Amino acid sequence: MEQYKELLTQAKAAMAYAYTPYSNFNVGAAVLTKSGKVYTGCNIENAAYGATNCAERTALFKAVSEGEKEISAIAVVSSSGEFTYPCGICRQVISEFMKEGNLIFENNEGEIKVIPLSDIYPYSFTKENLISD
Ligand SMILES: [Zn+2]
């Protein structure tokens, strides 16, 4: 749990860099790789809304772009004060790089939730689905 609290602290720090002139909904994320490194990310909005990128994918893409393809945990926090869960696109992207692991969330009351990927995103589409005989 101590490692998860540290991951949440880093997610909160990353939230400060959120670029959200349209929604003012700031999100921070921090991924823990299997090798023990941490990569953080924030949401980055765009005037063309579809070009917006979520904090979870920002953090994940930073990790993968530096050679880290196995994630063991991801922490997510937001400025809403409520538990903030990943969108469907992020759940799919997380499942690509986290075969098993936990998602960690914290609200403004300091309550922490730890949810296994298999609970938050069951029946995910994987590369095994692409293999055909
Ligand atoms: Zn997302």
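Everything discussed here concerns the structure shown above.
The sections below set out a description of the structure shown in this document. All figures in this text were calculated on a predicted structure; none of them were measured in a lab. Each chain carries its own residue numbering, running from 1 in the written order of its sequence. Two thresholds apply to this predicted model, a pLDDT of at least 70 for residue-level local features and 80 or more for giving and counting side-chain atom pairs, whereas whole-chain, interface and lining totals are computed over all residues. Excluded from the side-chain calculations are hydrogens and water; all other atoms, namely the structure's heavy atoms, are used.

Attention shifts here to the overall build of the protein chain. Only DSSP runs of H or I reaching four residues or more are called helices, and only runs of E reaching two or more are called strands; each is numbered from the N terminus. Of regular secondary structure, the protein chain possesses four helices and five strands. When the helices and strands of the protein chain are listed from N to C terminus, the series reads α-β-β-α-β-α-β-β-α. For 133 residues, the compact-globule estimate of 2.2 N^0.38 gives 14 Å, and the protein chain sits close to it at 14 Å. Structurally, the protein chain occupies a C-alpha span of about 50 × 40 × 25 Å along its principal axes. Atoms counted for the radius of gyration: C-alpha only. Globule rule: 2.2 Å times the number of residues to the power 0.38.

Glancing now at the pattern of salt bridges. Once their charged atoms are close, side chains differing in charge can pair, the charge on each being opposite to the other. The term salt bridge refers to a side-chain nitrogen of Lys or Arg lying within 4 Å of a carboxyl oxygen of Asp or Glu. A complete count under the given rule lists three salt bridges for this structure. A salt bridge links E70 to K34, with the nearest nitrogen and oxygen atoms 3.8 Å apart. Of this pair, E70 sits in the loop between helix 2 (55–65) and strand 3 (71–78) while K34 sits in the loop between strand 1 (27–33) and strand 2 (38–42), and the two are 36 residues apart along the sequence. Residue classification places K34 among the exposed positions, given a relative accessible area of 52%. Here E68 makes a salt bridge to K37, at a shortest N to O gap of 3.6 Å. A residue pair is termed long-range when its members are at least 10 positions apart, and E68 in the loop between helix 2 and strand 3 and K37 in the loop between strand 1 and strand 2 qualify at 31 residues. Each residue's exposure class comes from its accessible area (1.4 Å probe, protein chains only) as a fraction of the maximum for that residue type: buried when under 20%, exposed when over 50%, partly exposed otherwise. Since its relative accessible area comes to 11%, E68 is described here as buried.

Attention shifts here to the environment of N107. Mapped onto the elements, N107 comes out in the loop between strand 4 (102–106) and strand 5 (112–116). Here the alpha-carbon distance between N107 and S78, two residues 29 residues apart in the chain, equals 8.1 Å. Apart from residues lying up to four places away in sequence, N107 is in contact with G81, E82 and F83. Polar side-chain contacts of N107 include one of 3.0 Å to the backbone nitrogen of E109. A distance of 2.6 Å separates a polar atom in the side chain of N107 from a polar atom in the side chain of E111. Should any heavy atoms of two residues lie within 4.5 Å, those residues are considered in contact. Whenever a nitrogen or oxygen atom comes within 3.5 Å of another N or O atom, the pair is scored as a polar contact, on the condition that within protein one atom can donate a hydrogen and the other can accept it, and that pairs from neighbouring residues in sequence are kept only if both atoms are in side chains.

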